[in-house]
Amino acid sequence: MSSRAWKWALVSAPMALAVSACMGWGGYPHAKNIHESQLIGTWRARKCDTTVTLKRDGSASATGIPTEMRLDGKITQRVSGDGTWKIDEFGAEQQLDLVIGDEHTPFDLYRDKGRLLVALTVGDPDDMNACILTSKQRNRS
């Protein structure tokens, strides 16, 4: 690589990281003003083989939530069972806070072309391992 290319890489890498940090996982913007009614239902991530069902009374059930993942994306530990959920504030963003047994799992909330996404970062955020859960319900504004 030429010295000019190296200089460009050194200058552009921090800018790219700063932009992606502002946007959230995968460049999706953080969802704002989410209400509990928008999260009620069943959320799935096929890639991670994970299902989370959130009920109106604050109860939840989940199967296959990854708690540990290798660098190559292979899931090594999961949690399943019944528990509770709520929306929490984390800094300027909202999160879905899910508790299954002793396992407390925070999910980030994003938008993709108006569609609500529920995202779980597994392990070190620098490894960029995430499960993106979606719901088939269409009206989630």
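Below: a short report on this structure. As the structure is a computational prediction, the values presented were derived from the model and not from experiment. (Residues numbered from 1 in each chain as written. Predicted model: local features only at pLDDT ≥ 70, side-chain atom pairs only at ≥ 80, totals over all residues. Heavy atoms only, no water.)

**Things to note about the state of the cysteines**
Phase 1 of the analysis: Evaluation of the coordinates by the stated rule reveals 1 disulfide.
Phase 2 of the analysis: Here Cys48 pairs with Cys131 through a disulfide, and the sulfurs are 1.8 Å apart. Here Cys48 and Cys131 share a disulfide; its torsion about the S-S bond, -105 degrees, makes the bridge left-handed. Of this pair, Cys48 sits in the loop between strand E1 (41-45) and strand E2 (50-54) while Cys131 sits in strand E8 (residues 130-133), placing them 83 residues apart in sequence.
Phase 3 of the analysis: For Cys48, a relative accessible area of 2% gives the class buried. (Disulfide = S-S within 2.5 Å. Helix = DSSP H or I, 4+ residues; strand = E, 2+ residues; numbered from the N terminus. Buried < 20%, exposed > 50% of the residue type's maximum accessible area, 1.4 Å probe, protein only.)

**Some remarks on the pattern of salt bridges**
Phase 1 of the analysis: The tally for this structure, following the rule as stated, stands at 1 salt bridge.
Phase 2 of the analysis: The partner of Lys86 in a salt bridge is Asp88, with the nearest N and O atoms 3.8 Å apart.
Phase 3 of the analysis: On the basis of relative accessibility, which here comes to 41%, the residue Lys86 falls in the partly exposed class.
Phase 4 of the analysis: Residue classification places Asp88 among the partly exposed residues on the basis of a relative accessible area of 25%. (Salt bridge = Lys/Arg side-chain N within 4 Å of Asp/Glu carboxyl O.)

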